[in-house]
Each structure stands twice: as structure tokens, then as C-alpha cells.
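# Report on the structure
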2 protein chains.
Amino acid sequence: MSGWKELLTQAGYRVTEPRCAVMQLLLDSGMPLSPQALFESSRTQRQNLGLVTIYRTLELFEVLGLVCRVHLKDGCHGYLPVSPGHHHFVICEHCGGAVEFPGGDDLRMLIADIEAQTGYRVAEHLLQLIGLCPVCQAQRELA
Amino acid sequence: MSGWKELLTQAGYRVTEPRCAVMQLLLDSGMPLSPQALFESSRTQRQNLGLVTIYRTLELFEVLGLVCRVHLKDGCHGYLPVSPGHHHFVICEHCGGAVEFPGGDDLRMLIADIEAQTGYRVAEHLLQLIGLCPVCQAQRELA
DNA sequence: TCCCTTATTGATAGTTTTTTTCAATAAGGA
DNA sequence: TCCTTATTGAAAAAAACTATCAATAAGGGA
Ligand SMILES: [Zn+2]
Ligand SMILES: [Zn+2]
Ligand SMILES: [Zn+2]
Ligand SMILES: [Zn+2]
């Protein structure tokens, strides 16, 4: 994400300090952050964002396609910054580290199959992979 | 789902009236139901389940693989009864109707690709398709 | 650069969702 | 039928999320 400020502006929104802070925290984190986690991070870094602002900012960012909401096992709902377009994530179940990947032809085929089988017209999909990142794999092998 | 009572018993749990009621409501519904929705349904049908019991029952059922938690746009977390094994759902975004589809080889190729690309070891995945069911498609065409 | 309009913020309060607690109840084996 | 103990559900607490509104600040225009 680099041009996100321009995107905000073009969409008629203001580039405010709190919005910058939220985006920065997300970019620095590398793992899905919940609204609460963002709130606490912001306090640690003396930015003191309001929790309400965080909710609103995440919602706006999601609508603009700047962040993506992922579903976690515990508690659900972390947010990750995303590059423009459609995407998915592999999330490490141990450290939370998330890596984005594009949906491939495989998925397209699968969806076509399901449409044929069920008669549904598929408009969107939710796909997340959960596993162990290389670092956590190595760690586990030592134990 | 037919042998779910046996499955409960074999796992050392009791087959109670509230558990039967929750399963029945889920089976009758055909769409994802939230804990709150189950609570209200149960009151309508004079079964008066406690909300806490519903939460606990859903959690147990999920652990036993009898139901599956799906993530909805608004409010998140509906529950659907599932047949044994691995599977996913197509959910109608208009009427909520859900259809299960088996996921055997599923995403094997895709996952293998991602593992190679990212170094992650993928353990599980979350896949949901969202779209329009045949009925709702027809309805939309008339409008 | 300064001002003015108005989008945005955040404190407070309110609502919804989920979890904890614990005495009363009932499932199911003896 | 009785007894043990898993299970229930009312009530209360905690967590997650939303609504309100006066004060603030972004950024366009003078
Ligand atoms: Zn969710
Ligand atoms: Zn990891
Ligand atoms: Zn439908
Ligand atoms: Zn699958």
C-alpha cells in the first residue's frame, strides 16, 4: 500500500492523523489486528486514538479496499492491509504472521463446478489458509 | 445428520432435551442461524432454551463436527448442521439459504502452490462461497 | 497565509454479544 | 427406583460494537 492517501483524497475523504496512524500500525504489524489491539498499540505509541475512530476507520478502509477483515479462531475479526484487487491470506496459527496470495485458476475451476452442481450464482468468496509460517515450523522442530 | 445422538453418547455426552432442540432448529432452518436467532426460535416454539445453553451446545457441536460456524457479513457467526467429513458452503446472500458441498481434493493444488511460494505449511482452510440461489436469481430477473 | 466550512474526532453513554458463576435439574447407569 | 454427576438456566459480569454530539482540525478558497 503506497497510494492509499491519494485514494482517500480522490474518494473525497480527508487524510487525517488518526487515519494515518491506523494504517501505519497495520502496515508495521504483519499480523491481523483487532480494533482492541489497534487501540492498545496506539496508546503504547502515545497516539491515543479513540476506539470509536478505529472502528470507523477500519470500516472506511474496508469499503475502499485498503484493508481486509479476516476471521480468526478466537474472537474473530482482525484486519490486514491489502494491495488493490482481490486477495486471500495464509495466516500462521502460532505467531499470527500473515501473507497475502492471489486466488488462482484452481479456485475459479472449483467455483465453476459448484455453480454447475448447485445452480447458485457465486458472487464472492471467503478463503483463508491457516498453517505454520517457516519461522514457527523451525521453532517447532527444535522442540 | 442422523446418527448425531449416537455420536454424542459415544463421546460421553448426554442426549438432552435442549441439545435435541438446538439440532432440530438447525436442521429445520436450512440457513445459518446465530445464537440469538436460535434463542428466539426456541421461544416461538415454546421450548424456551436458555441462551447460555445455546452457546454451549453450539460450541460442543462444533467440536464434535456436527455443526459448522460460518462467517456472515453482518454480525458474523451463524451455525449450520453438517454431514461428517470435510465440506464447505455456498450461502445465498439474499435469502440466506445454504448448500453444503464436499471438499475432497478441493484446493489441494492451490494449497500446494501457496506452500511452495510462501514456505508456510498449511494445516487447514476456511472457504465459503457467497452468491444467489436459483430461487433468488429467478426473483431478481422478474424485477 | 489565514479563514471558513464541514468532515472528523473522541468522550460518554447505550446496546448487543459472549462468558462466568452457581444452585437447581435431569440423564442415564446401577 | 435411586444416585451420581453432567447439564441447565437465571443472573450478573465482561467484552464487543454502535450511537450521540460538542469540540477539533483538514483543506479549499480568499
Ligand atoms: Zn467471523
Ligand atoms: Zn509463525
Ligand atoms: Zn436465495
Ligand atoms: Zn476444503
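A few points on the structure. (Residues numbered from 1 in each chain as written. Chains lettered and ligands numbered in written order. Predicted model: local features only at pLDDT ≥ 70, side-chain atom pairs only at ≥ 80, totals over all residues. Heavy atoms only, no water.)

### Quick look at the environment of L107(B)
Mapped onto the elements of the fold, L107(B) is located in the loop between β4 (98–102) and α5 (108–118). Each C-alpha atom, one on L107(B) and one on H125(B), is 9.1 Å from the other, the two residues being 18 residues apart in sequence. Discounting residues that sit within four places of it in the chain, L107(B) has contacts with L107(A), L110(A), L127(A), H125(B) and L127(B). (Helix = DSSP H or I, 4+ residues; strand = E, 2+ residues; numbered from the N terminus. Contact = heavy atoms within 4.5 Å.)

### Some points on the interface of chain A and chain B
Counting residues at the interface gives 38 residues for chain A, matched by 39 residues for chain B. Between chain A and chain B the total buried area reaches about 3200 Å² when both faces are included, carbon and sulfur atoms providing 65% of it. Taken as a group, Y120(A), E124(A) and L126(A) account for 20% of the area that chain A buries against chain B, more than any other trio of residues on that side. Measuring nitrogen to oxygen at the nearest pair gives 2.8 Å for the salt bridge that ties E124(B) to K73(A). Summed over the shared surface of chain A and chain B, the result is 18 residue pairs in polar contact (both at pLDDT 80 or more). Contributing elements (two or more residues each) for the side of chain A that touches chain B: β3 (88–92), β4 (98–101), α5 (105–118), β5 (121–132) and α6 (134–142) of chain A. The residue inventory of the side of chain A that touches chain B, partitioned by class, reads 22 nonpolar, ten polar and six charged. With eleven bridges connecting them, β5(A) and strand β5 (residues 121–132) of chain B associate as antiparallel partners. The partner of E124(A) across the bridge, within β5(B), is I130(B). (Buried area = accessible area lost by both parts, 1.4 Å probe. Salt bridge = Lys/Arg side-chain N within 4 Å of Asp/Glu carboxyl O. Polar contact = N/O pair within 3.5 Å; in protein donor to acceptor, adjacent residues only side chain to side chain. Nonpolar A, V, L, I, M, F, W, Y, C, P; charged D, E, K, R; others polar. Pairing = 2+ DSSP bridges.)

### Observations regarding the coordination of the zinc ion (ligand 3)
All names here are of chain B. Within the protein, the zinc ion (ligand 3) binds to C92 (SG), C95 (SG), C133 (SG) and C136 (SG); these donor distances fall in the range 2.2 to 2.4 Å. One can describe the donor arrangement at the zinc ion (ligand 3) as tetrahedral, given that its four donor atoms subtend angles of 101 to 114° at the metal. Each donor residue of the zinc ion (ligand 3) lies on the same chain, and together they follow the pattern C-x2-C-x37-C-x2-C. Of this pair, C95 sits in the loop between β3 (87–92) and β4 while C136 sits in helix α6 (residues 134–142); the two residues are 41 residues apart in sequence, bridging distant segments of the chain. The class for C95 is partly exposed, based on a relative accessible area of 33%. (Donors = N, O, S within 2.8 Å, 3.2 Å for Na, K, Ca; no water. Tetrahedral: all angles 85-135°; square planar, octahedral: opposite > 155°, others 65-115°. Buried < 20%, exposed > 50% of the residue type's maximum accessible area, 1.4 Å probe, protein only.)

### Observations concerning the packing of aromatic side chains
Residues and elements named next belong to chain A. What the rule picks out here adds up to two aromatic pairs over all chains. An angle of 70° between the planes, with centres 5.8 Å apart, marks the rings of W4 and F61 as edge-to-face. Here F61 lies in helix α4 (residues 51–63) and W4 lies in helix α1 (residues 4–10), a separation of 57 residues in the sequence. Accessibility assignment for this pair places W4 and F61 in one class, buried. (Phe/Tyr/Trp six-rings, centres within 6.5 Å; stacked < 30°, edge-to-face > 60°.)

### Some remarks on the relation of the copies chain A and chain B
Superposition of chain A onto chain B requires a rotation of 180° combined with a translation of 0.0 Å along the rotation axis, giving an RMSD of 0.6 Å. Within this description, the copies of the chain are treated as partners about a two-fold rotation axis. Residue by residue, 97% of the interface of chain A is reproduced at the interface of chain B, so both copies engage with the same surface. (Least-squares fit on C-alpha atoms with pLDDT ≥ 70 in both.)

### Section: the pattern of salt bridges
Residues and elements named next belong to chain A. According to the stated counting rule, one finds three salt bridges over all chains in the structure shown. In this structure, D105 engages R108 in a salt bridge whose closest nitrogen and oxygen atoms are separated by 2.9 Å. Separated by three residues within a single helix, D105 and R108 lie in helix α5, roughly one turn from each other. For D105, a relative accessible area of 52% translates into the label exposed.

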